[in-house]
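Here's the letter readout for the chains.
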Amino acid sequence: MNTTIILPAEMRYLRLATITAWTAAEIFTDTLEIKEGVHDFCHAFELSVCETFSNSVRYADPANEEKNVTICFSSCNDSLTVSVSDTNPPFDPVTSLPDINSYPEKGFGLFMIHQLMDEVTYTREKGGNLITMTKSAGKHEK
Amino acid sequence: MNTTIILPAEMRYLRLATITAWTAAEIFTDTLEIKEGVHDFCHAFELSVCETFSNSVRYADPANEEKNVTICFSSCNDSLTVSVSDTNPPFDPVTSLPDINSYPEKGFGLFMIHQLMDEVTYTREKGGNLITMTKSAGKHEK
Amino acid sequence: MIISEKIISNISVLTPEGSLDAATVPQLKNFTAKSEVTPTLVLNLSGVDFLDSSGLGAIVGMARNKRESGGDVVLACMNDKVRKVFEITQVARLFHIFDDLEAAAGYAEKQQKSL
Amino acid sequence: MIISEKIISNISVLTPEGSLDAATVPQLKNFTAKSEVTPTLVLNLSGVDFLDSSGLGAIVGMARNKRESGGDVVLACMNDKVRKVFEITQVARLFHIFDDLEAAAGYAEKQQKSL
Ligand SMILES: Nc1ncnc2c1ncn2[C@@H]1O[C@H](COP(=O)(O)OP(=O)(O)O)[C@@H](O)[C@H]1O
Ligand SMILES: Nc1ncnc2c1ncn2[C@@H]1O[C@H](COP(=O)(O)OP(=O)(O)O)[C@@H](O)[C@H]1O
C-alpha cells in the first residue's frame with residue numbers, strides 16, 4: 001500500500017485525516033487477513049494521525065499562508081507506517097508524561113503516540129517537520 | 001478547500017476513495033453552512049468518485065504496473081469540483097443509458113455521473129484520463 | 001460483505017450487509033452461485049448502505065437469470081441512497097420493490113405458486 | 001458536535017455526541033461556559049465515539065475548575081477507544097468512572113450533598 005493525502009492545514013480537515021487513517025489501517029489488515037486486534041490497530045492510527053495532524057495545524061506559522069499537511073501510508077510485511085509532514089517551525093519532541101496531579105490540559109499528544117506505536121521518529125526536512133510512525137499488526141498490544 | 005488523495009489502482013482502495021469523497025463533500029457543506037440537501041450532495045460525490053475510481057482500476061492497462069489514481073477536490077464559491085485521473089488508455093466517454101429491457105449488467109457508470117453532477121468533462125492528459133466533475137451545493141436536485 | 005440467507009413464506013431471502021459495490025460484488029455473485037435458493041427470491045437490501053453501478057448490474061443480472069428460468073427477484077427495504085441508483089438509471093421499473101420484507105416475501109410466494 | 005443537558009438525581013448530566021477532538025473541543029468549552037450546571041456534574045460519554053488529547057485536556061480542565069470550587073466531574077459510559085486514552089495517559093486515576101449512568105449520578109449526588 002502506498003497512499004498519500006494532502007490536506008489544508010485547517011482544523012476542519014481533522015475528520016478527513018482521521019477517517020483516512022482508520023480506513024487505510026483497516027484495508028491494510030484486510031490484506032494480511034488478520035482478525036484479532038484489528039480495532040486496536042486501526043484506533044492507534046486514527047489517534048496518532050489525529051494528534052500529529054492537529055499539532056501541524058495548531059503550531060503552524062501564521063505568517064505562512066496556504067499551508068498543507070501531507071499524510072503518507074506505506075507498508076512493509078506486517079507493519080504499517082504513516083508519516084505526517086508540515087511546513088512548521090522546528091520543535092523539541094519531548095515525550096514525557098506531564099504531571100497528572102497538576103491537572104494538565106495539554107502535553108499528552110506526543111506521549112500518547114509513543115504509547116500507541118512501535119516506533120516514532122522525528123526529523124526536520126525541507127523546511128518542515130516529519131513525524132514517522134510504524135506499528136506491526138502482528139504484535140500484540142504494548 | 002484543496003485536497004488530494006493518491007491511491008494505488010486496486011479495488012480494495014475503493015472504500016478509501018468513497019469515504020474521502022463523502023467526507024470532503026461534508027466538510028465543504030459545513031463551510032457553507034448549508035443544511036438542506038447535504039445528504040444528497042455528499043452521496044453524489046461518494047457515488048461519482050466510486051464510479052470513476054472503479055473504472056480507473058478496472059480498465060487499467062495490465063502491462064502498466066505500480067499504477068495510481070489521483071483524486072483532487074477543489075472548491076469555488078458554492079461549487080465543489082472533484083477530478084479523478086489515471087494512467088489508462090483513452091476511451092470514448094459515451095453517456096447514453098443502456099437499453100434497460102435487455103437487462104444490462106454494465107454501462108451505467110458514466111450515465112449516472114452525468115445525472116448526479118452539474119458538469120462533467122473528460123480530457124486526455126499526460127498519458128492518462130482526467131474526469132472533472134462539478135456540483136453546486138446551492139442548487140437543488142436535478 | 002456479510003450475506004445471510006433465511007426462508008420467509010417458503011421464499012429464500014438474501015440479506016447482504018455493507019456496501020454493494022465493485023469491490024464486494026464478487027462476493028454476492030459467489031454466494032448466489034453456491035447457495036441453493038428458491039426459484040423466486042427476495043433480495044433484502046435493508047443492510048446495504050451503499051450501491052454503485054456494479055452492484056446494480058449484479059442485481060439486474062440476477063433478475064435476468066431467475067426470469068430466464070421462470071423465477072424472479074423481488075426487492076425489499078432499500079434506503080434512499082440505494083433507491084436513487086435504481087431511479088436515475090430507470091432500472092427501478094424492471095422490479096417489484098417493497099418497503100416491507102414480509103410483503104415482499106408474500107408477493108414472491110404468490111408469484112412462485114402461479115408458475 | 002451536539003451537546004445535551006439533563007438532570008438525573010438532582011445532578012446535571014452533560015452528553016456530548018460525536019468526536020471529542022481538537023476540532024470540536026471549542027464547542028464543549030463554549031457549552032460549559034454558558035450553561036448553568038450543578039456544582040458536581042456527570043459527563044456522560046456514551047455518545048462520544050472518539051477522544052483525542054485535546055478532548056482529554058478539556059475534561060481534565062473541567063475537573064480542575066469544578067474541584068477548585070468544591071464540586072466535581074464524574075465520568076460515565078465510555079467506550080473502549082475513549083477508555084484507552086484515559087488509561088495510557090494515566091488520567092483515569094484522577095476520576096471516578098462509572099459504566100452505568102444512574103450509578104454515576106447517584107454517586108455525584110452523594111458527593112454534592114456531603115459538601
Ligand atoms: N507539528 C508541530 N509543529 C510545531 N510544533 C509542534 C508540532 N507538534 C508538536 N509541537 C510542539 O510540541 C509540543 C508537545 O506536543 P503534544 O505532546 O502534542 O502536546 P500539546 O500539543 O498538547 O502541547 C507542543 O506544545 C508544540 O510546542
Ligand atoms: N478510467 C477509464 N479508463 C479506461 N476506460 C474507461 C474508463 N472509464 C470508463 N472507461 C470505458 O468507458 C466504458 C463505460 O464506462 P461506464 O459507463 O462506467 O460503464 P461500465 O464500466 O459498467 O462498462 C467502459 O466500459 C470502459 O470501456
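Parameters and conventions
Residues numbered from 1 in each chain as written. Chains lettered and ligands numbered in written order. Predicted model: local features only at pLDDT ≥ 70, side-chain atom pairs only at ≥ 80, totals over all residues. Heavy atoms only, no water. Axes fitted to C-alpha atoms, helices over the stretch in contact; angles between N-to-C directions. Helix = DSSP H or I, 4+ residues; strand = E, 2+ residues; numbered from the N terminus. Parallel < 35°, antiparallel > 145°, perpendicular 65-115°, else oblique. Left-handed = near helix turned anticlockwise from the far one by under 90°. Contact = heavy atoms within 4.5 Å. Nonpolar A, V, L, I, M, F, W, Y, C, P; charged D, E, K, R; others polar. Near = heavy atom within 4 Å. Polar contact = N/O pair within 3.5 Å; in protein donor to acceptor, adjacent residues only side chain to side chain. Buried < 20%, exposed > 50% of the residue type's maximum accessible area, 1.4 Å probe, protein only. Salt bridge = Lys/Arg side-chain N within 4 Å of Asp/Glu carboxyl O.

Peer 1: Mind laying out the packing of helix α2 (residues 38–58) of chain A against helix α3 (residues 109–116) of chain A, listing which residues take part and the relevant values?
Peer 2: All names here are of chain A. Running from amino to carboxyl end, α2 crosses α3 at an angle of 155 degrees, the nearest separation of the two axes being 10 Å. Taken together, the axis directions place α2 and α3 in an arrangement best described as roughly antiparallel. In this structure, α2 crosses over α3, and the sense of that crossing is left-handed. Between α2 and α3, the residues in contact are Ala-44, Leu-47, Ser-48, Glu-51, Thr-52 and Asn-55 and Gly-109, Leu-110, Met-112, Ile-113 and Leu-116, respectively. For the contact of α2 with α3, the per-class residue count stands at six nonpolar, four polar and one charged.

Peer 1: Residue-level account of the site of ligand 1, with values.
Peer 2: Residue and element names in this part refer to chain A. Surveying the vicinity of ligand 1 reveals 13 residues, the closest of which are Asn-55, Tyr-59, Asp-86, Gly-107 and Leu-110. At 2.6 Å, a side-chain N or O of Tyr-59 approaches an oxygen atom of ligand 1. One nitrogen or oxygen atom from the main chain of Leu-110 is found 2.8 Å from an oxygen atom belonging to ligand 1. Take the shell around ligand 1: its biggest share by element is three residues, from α2. Residues belonging to the shell around ligand 1 are distributed by class as follows: four nonpolar, six polar and three charged.

Peer 1: Could you give me a rundown of the environment of Ala-103 of chain D, with the residues and numbers involved?
Peer 2: With respect to the element layout, Ala-103 of chain D can be found in helix α4 (residues 101–113). For the pair Ala-103 of chain D and Thr-15 of chain D, spaced 88 residues apart in the sequence, the C-alpha separation amounts to 16 Å.

Peer 1: Quick rundown of the environment of Lys-34 of chain C? Include the residues and the values.
Peer 2: Residues and elements named next belong to chain C. Within the element layout of this structure, Lys-34 appears in helix α1 (residues 25–34). Residue Lys-34 is classed as exposed on the basis of its relative accessible area of 70%. Along the chain, Lys-34 and Phe-50 lie 16 residues apart, while their C-alpha atoms are 24 Å from each other.

Peer 1: Describe in detail the pattern of salt bridges, supporting the description with residues and values.
Peer 2: Pairs can form between side chains of opposite charge once their charged atoms are near each other. If you walk through the whole model with that rule in mind, you get 18 salt bridges over all chains. Lys-81 of chain D is the partner of Glu-46 of chain A in a salt bridge, and the nearest nitrogen-oxygen pair spans 3.0 Å. On the criterion of chain membership, the pair formed by Glu-46 of chain A in helix α2 and Lys-81 of chain D in helix α3 (residues 80–88) is interchain, its members lying in two chains. When the shortest N-O distance is used, the salt bridge between Asp-72 of chain C and Arg-67 of chain C registers 2.8 Å. What makes Asp-72 of chain C buried here is its relative accessible area of 6%. Judged by relative accessible area, Arg-67 of chain C falls into the partly exposed class, the value being 25%. Linked by salt bridges that have partners in common, Glu-105 of chain A together with Lys-29, Arg-64 and Glu-68 of chain D make up one network.

Peer 1: Requested: an account of the arrangement of the chains, with residues and values cited.
Peer 2: Chain C makes no contact with chain A, the minimum C-alpha separation between the two being 12 Å. Taking C-alpha atoms only, the smallest gap left between chain C and chain D, which are not in contact, amounts to 20 Å.

Peer 1: Any chance you could break down unusual backbone geometry for me, citing the residues and the numbers?
Peer 2: All names here are of chain A. Of note in the backbone geometry, Asn-77 takes a positive phi value of approximately 50 degrees without being a glycine. Tracing the chain through its elements places Asn-77 in the loop between β2 (68–76) and β3 (79–85). Exposure remark for Asn-77: the relative accessible area of 67% places this residue in the exposed category.

Honestly, it's all geometry; don't read function into it.
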